[in-house]
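Listed here are the chains, written in short residue letters.
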Amino acid sequence: MDTDPSHPDLAGKPLEIKKSATPSDLHIQSRNRHFASASIENRDWIRDDPYGTAFFNALSVTFPKGETFFIEVLKKYRKDVPEKLAGEVAAFIRQEMVHSREHAFFNRHVTDVGYDITRLEKNLSDVIDGFRSLPAIHHLVATMCLEHLTAIMAAEFISNPAYFENADENQKNMWLWHASEEIEHKGVAYDTWLHVTRDWSRSKRWAMKSLFMARISLGFAKNRAKGIFDLLRQDGLKGHRAWFGLARYALASPGPFRRTLVPWFKFFLPGFHPWNIDDRELVQLAESDYEAAIMDQPRDEESVTEIGDRRKPGRLPRVA
Ligand SMILES: [Fe+2]
Ligand SMILES: [Fe+2]
């Protein structure tokens, strides 16, 4: 039986999450970046790369509704988890709210340059409605699995410069900013899951999370491919040409599918935790490109910790 350590605080809540590898000095902060007016200058905002453009456009369609769902799910557990984790859940919510907002703007820019994303949005709504019809614990395990997928993609996008080599600067910065915050909060849903299932047996916990990860990963890959083909068709790319181009993009160069397979597989190993790999240096790497950007850091949120003085409001010009 996996139970929490016997160190209850005054409210009867455990002080720490057993098996959590979340660094004790981790600070999750919402940078509240603004990219609303960073319109897409070219239909192929990753120039000469319709497959990369379609890949990120299709991914972006998922964020406003998908991340709103994650927020709803974790919000329900905020009062029931230990204090440190409750603060991280609050910071997670603030980060995802801003991500949803900025991707809604990004998606509007995608439609402004002529893409029809209604079928992609409908597909996503159907998937989320399907999740909503499941029991509450399934909402949490689905959120935890999708957060792992997001985090391993985020690490890949920051560490491999090939993705945004020829991208519009503003769009590149938006994606790197989002990726960096995904890394920062990658353990929040997982720690919430560990806490909520603290009385489950190890095998029951592993079975549920593994089953969900397998199903969600297949669904995610299938639905994103469908969305990407839809967008490529709108660029006149279809049939074998589209299949070959997307396969080359996903598996060869830059190869997001191939390059995230190992970290994806680690999810199934005993003792897995998102923070078994401390990749906070990627957050710093992404931020090193952000010197010209705004920091609209909310000052009154006690659980939001600033990284440095250069992030103080008013010191940097607004992007949007
Ligand atoms: Fe996000
Ligand atoms: Fe996230």
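Scroll up to find the structure this text is about.
Please read these numbers as outputs of a predicted model, since none were measured by experiment. Within each chain, residue numbers correspond to sequence positions counted from 1 in written order. Ligands are numbered from 1 and chains lettered from A, in the order in which they are written. Local features in this predicted model are restricted to residues of pLDDT 70 or higher, and side-chain atom pairs are both shown and tallied only at a pLDDT of 80 or more, whereas totals for entire chains, interfaces and linings draw on every residue.

### As for the overall build of the protein
- Each helix and strand counted, the protein has 11 helices and zero strands in total.
- Working definition: helices are DSSP H or I runs of at least four residues, strands are E runs of at least two. Numbering for both runs from the N terminus. Listing each helix as α and each strand as β along the protein from the N terminus yields α-α-α-α-α-α-α-α-α-α-α.
- Looking at the protein as a whole, 40% of its 320 residues qualify as buried.
- Within the protein, contacts between residues at least 6 apart in sequence are counted, and of these 82% link residues at least 24 apart. Residues with at least 20 other C-beta atoms within 10 Å of their own are called buried, those with 12 or fewer are called exposed, and the rest are partly exposed. The C-beta atoms themselves are positioned from the backbone. Residues are scored as being in contact if the C-beta atoms we place from backbone atoms lie within 7 Å.

### Thoughts on the packing of helix H4 (residues 136-159) against helix H5 (residues 169-184)
- Note on definitions: angles span 0 to 180 degrees between N-to-C directions of axes, and those axes are lines fitted to C-alpha atoms, for helices only across the stretch in contact. The geometry of H4 relative to H5 is characterised by a closest axis approach of 8 Å and an angle of 130° between their N-to-C directions. In this view, H4 runs oblique relative to H5, as classed from their interaxial angle. Here the hand of the crossing between H4 and H5 comes out left-handed. Contacts between H4 and H5 involve Thr150, Ala151, Ala154, Ala155, Phe157 and Ile158 on the former and, on the latter, Trp175, Leu176, Ala179, Ser180, Glu182 and Ile183. Note on angle classes: values under 35 degrees are labelled roughly parallel, values over 145 roughly antiparallel, values of 65 to 115 roughly perpendicular, and the remainder oblique. Should the near helix be turned anticlockwise from the far one by less than a right angle, the crossing is left-handed, and should it be turned clockwise, the crossing is right-handed.

### Remarks on the packing of helix H1 (residues 50-75) against helix H7 (residues 202-234)
- Taken N-terminus to C-terminus, the directions of H1 and H7 make an angle of 125°; their axes are 9 Å apart at the nearest point. Between H1 and H7, the interaxial angle falls into the category oblique. For the pair H1 and H7, the crossing hand works out as right-handed. Of H7, the residues touching H1 (which contributes Pro50, Ala54, Phe55, Asn57, Ala58, Leu59 and Val61) are Arg224, Gly227, Ile228, Leu231 and Leu232.

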